[in-house]
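Working through the structure, step by step
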Amino acid sequence: MESTLNSKTIVTLFGTRPEVIKLAPVIHELEKRSAFRTINVTSAQHRELLYPFVDFFRIRIDHDLHVMQEDQSPSQVFSRTLSEFGACLDRLSADLVLIQGDTTTAAAGALAAFYRKIPVGHVEAGLRSGDVTSPFPEEINRRLITRLATFHFAPTPGNRMRLLEEAIPEDRIFVTGNPGVDALEQWLAKSRPSSSTEPWRKAAQGLKKLVLTTHRRESFGNKLAENLCVLRDFVTRHRDVALLFPVHANPEVQARAKEILGGIPRIHLLSPLGYAEFMQLLSESWLIVSDSGGVQEEVPTLGKALLVLRDVTERPEVIECGSARLVGNQVGHLEELLEEALKGGSWVEKTKPVSNPFGQGNSAAQIADVLEGLMFSSLRGERTVPAGVPVTIVVPCYNEEPMLPHLSETLQSVQRALETHYRIKFIFVDDASTDQTYRLLCETLPPAFDAQIIRHERNQGVAGAILTGIRNAESEIVCSIDADCTYDPHELGKMIPLLTEGVDMVTASPFHPLGHVQNVPGWRRGLSRVSSWLYRRALNQKLYTYTSCFRVYRRSKMMGLDVKDQGFSGIAEMLALLDLAGSRIVEHPSTLRSRWIGRSKMQVSRQIFRHWRLLGRIVWLRAVKKPDRVRARKLTTSTRPLLTTASRPSSEGKRIRG
């Protein structure tokens, strides 16, 4: 669309082919909208590799900085890009500079914009390997960009969590997925075998295609030589395997490839491929070995097995979803993984397309939507998250009389913290308390609460109470908290935004590496860890905690679950049924504190038996493979627990306020 007089100017900077692949869908989406005027600038950091991708994705180049020189170092690229792009910005009236990833071009571009007080939008924000030397120099680049960026477009909830841990304001972080998945989905929708792929397809016909890509600086030297030797020897031993290696243009990679792999039967050294040809190669592979970040994001959609040729990865989601294994730096590990892949029934044979944790193909539209909202309301720092999103907080109560004053005070603070972004309603489920819990709830809830009290005529258990609250909620987002506040309810401010598209549950996790457990008896911690270990092996979702009551739910996904056990083990059962139904669940690292008022109502021996019974049911459900047994029938009136609702001590079935 043509720009209007009120259009905002977005200057997009890129210099390498991965940047083009991931920014192309965003550029095209921005160009569809009259709200924006786009200016595309390239540093040409990798000119020969870059321009074929620019042509393929039909990207308009408005300014070329011409920074590429032979045998250039990262510092030379940085200094030239900083100088040339800065001069370019001085001639333009940019409202925002958009960069992607962690290249030297992106880091220099962010700094140039920062010097001129131009806001920076960072696509693919929040990736962290934890090792400043791997990937090199990208890990340092991305950390620098985070400090310079104004708005952070994180691919996954995990990336968002990393940014929050680094004190980035949460209203500047947006989980949008990765637009590289958009590019892949668009290619899959119209892909056709190209005639240019015929030579390598014929050469490897009837063989297992082992695809290799390696180009990272930290892989150079002895490590690169060792990996190539292992792959050469593997192909030599196994006559049913062919190695296809699109060799990167870097002179170091070119020299090592020719020296070690040149002239070996069934090893084919290919020239750098275009995007369509490379995707075709990956889609026909038996196994991929790569140190590429982009390949890690693509294999879940392609359903291909990947050995990540790195010591660490900033994309742990690809390991967690089962599409990849990390080679690491252990001597001989690459050889072991290659041999294991050839065995019958190996994980490679079982790898199939899964829901891509890095995006669902609509990331570019999400980024454009966010920018449109930001740039026409709040580039100066006003609130950017729309207010009024309805959220229901369910509080199961059973004999909580001593805890109610502290609970009331805490929830008032929580409501004040959340009301900027959300419209909060509370549902208190009194689970047939035998003390004064129900009466005190009716009499003492603060006037500011939009609240409903539901009373079970007989004790249903904590899972039953939560399910009652979920069924009676009117919002799609429903949270459950412990009435004893063993988890800090203020953490909901961080958990609710993790319920992004494709995520159906967010659960607190004290046993996550970033979580904590305080003053809980050792035997209780031990039992929890054992149960988590067992559930981790029985279910698809490899979590650290399966039994926390502190959660955020997508109500529509919960309504059809046939939860058999409504006590404490029913909390794990809810998660298990969602898992078996194919839902995605994410964890939020949290702190679990020992109950400091009253005592726990859980009967340990009974719960151990019930967890074992649930594990048996999970194994049976997976064995019979009948999804209709996992997804329950819709709840009918006859299956709902007996309850009454009250506005005061009477039971007329109405809200108390609101």
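All of the points below concern the structure found in this document. (Residues numbered from 1 in each chain as written. Predicted model: local features only at pLDDT ≥ 70, side-chain atom pairs only at ≥ 80, totals over all residues. Heavy atoms only, no water.)

What follows deals with the sheet that holds strand β12 (residues 306-308). Judged by pairing direction, the sheet is parallel, and its 6 strands sit side by side in the order β10-β9-β8-β11-β12-β13 without closing on themselves. Looking at the sheet topology across the chains shown, the edges are occupied by β10 (267-270) and β13 (324-326). Direction aside, neighbouring strands of the sheet carry axes that sit 20° apart on average. When strand β11 (residues 287-290) meets β12, the two strands line up parallel, connected through 3 bridges. (Pairing = 2+ DSSP bridges. Helix = DSSP H or I, 4+ residues; strand = E, 2+ residues; numbered from the N terminus. Axes fitted to C-alpha atoms, helices over the stretch in contact; angles between N-to-C directions.)

What follows covers the pairing of strand β9 (residues 241-246). For β9, a buried count of 6 out of 6 residues is recorded, marking the element as mostly surrounded by other parts of the structure. Side chains Val 241, Leu 243 and Phe 245 of β9 all project onto a buried face; the interleaved residues Ala 242, Leu 244 and Pro 246 project onto the opposite face, where all are buried too. The pairing of strand β8 (residues 208-213) with β9 spans 4 bridges and is parallel. Looking at β9, one finds that Lys 209 is bridged to Ala 242. Both β9 and β10 contribute to a ladder of 4 bridges, which runs parallel. Paired with Leu 244 across the strands is His 268, a residue of β10. For the crossover from β9 across helix α10 (residues 251-261) to β10, the handedness is right-handed. (Buried < 20%, exposed > 50% of the residue type's maximum accessible area, 1.4 Å probe, protein only. Right-handed = clockwise from strand over helix to strand, strands pointing away.)

So, on to the packing of helix α4 (residues 104-115) against helix α5 (residues 138-148). It is at 9 Å that the axes of α4 and α5 come closest, and there the two elements cross at 20°. In terms of orientation, α4 lies roughly parallel with respect to α5. Crossing angle aside, the handedness with which α4 passes α5 is left-handed. Between α4, through Thr 104, Ala 106, Ala 107, Ala 110, Leu 111 and Phe 114, and α5, the contact on the second element is made entirely by Asn 141, Leu 144, Ile 145 and Leu 148. Here the residues of the contact of α4 with α5 sort into 8 nonpolar, 2 polar and no charged. (Parallel < 35°, antiparallel > 145°, perpendicular 65-115°, else oblique. Left-handed = near helix turned anticlockwise from the far one by under 90°. Contact = heavy atoms within 4.5 Å. Nonpolar A, V, L, I, M, F, W, Y, C, P; charged D, E, K, R; others polar.)

What follows deals with the side chain of Asn 40. Looking at the element boundaries, Asn 40 is found in strand β2 (residues 36-42). Contacts of Asn 40, omitting those with residues within four sequence positions, involve Thr 12, Phe 14, Ile 27, Glu 31, Ile 59, Arg 60, Ile 61, Asp 62 and His 63.

Moving on: helix α7 (residues 179-190). With 12 residues, α7 extends 17 Å from end C-alpha to end C-alpha; this agrees with the ideal 16 Å at 1.5 Å per step. Looking at α7, one finds that the buried residues are Pro 179, Gly 180, Val 181, Asp 182, Ala 183, Leu 184 and Trp 187. The elements touched by buried residues of α7 are α1 (17-31), β5 (120-123), α11 (275-283), α12 (293-302) and α16 (363-375). Between the side-chain oxygen at the start of α7 and the backbone nitrogen of Gly 180 there is a gap of 2.9 Å, and the oxygen is on Asn 178. (Expected span 1.5 Å × (residues − 1). Polar contact = N/O pair within 3.5 Å; in protein donor to acceptor, adjacent residues only side chain to side chain.)

Turning to α10, its buried residues number three or more, namely Val 253, Ala 257, Ile 260 and Leu 261. For α10, the angular spread of buried residues about the axis comes to 90°, placing them on one side. Among the exposed residues of α10, those oriented more than 90 degrees off its buried face are Pro 251, Lys 258 and Glu 259. The backbone nitrogen of Glu 252 has a side-chain oxygen 2.8 Å away, supplied by the residue at the start of α10, namely Asn 250. Looking one or two residues past α10, Gly 263 carries a phi angle of roughly 75°, positive in sign. (Arc of directions from axis to C-beta.)

A few words now on the side chain of Glu 573. Following the sequence through the fold, Glu 573 ends up in helix α23 (residues 569-580). At 2.8 Å, the side chain of Glu 573 and the backbone nitrogen of Lys 564 are in polar contact.

With parallel pairing, 7 strands are arranged side by side in an open sheet as β3-β2-β1-β4-β5-β6-β7. For this open sheet the edge positions go to β3 (63-64) and β7 (173-175), each flanked by a neighbour on one side alone. Strand direction decides the pairing type here: strand β1 (residues 8-14) and β2, joined by 7 bridges, are parallel. Bridge assignment links Thr 9 to a residue of β2, and that residue is Arg 37.

Spatial relationships are all this shows, so hold off on functional conclusions.
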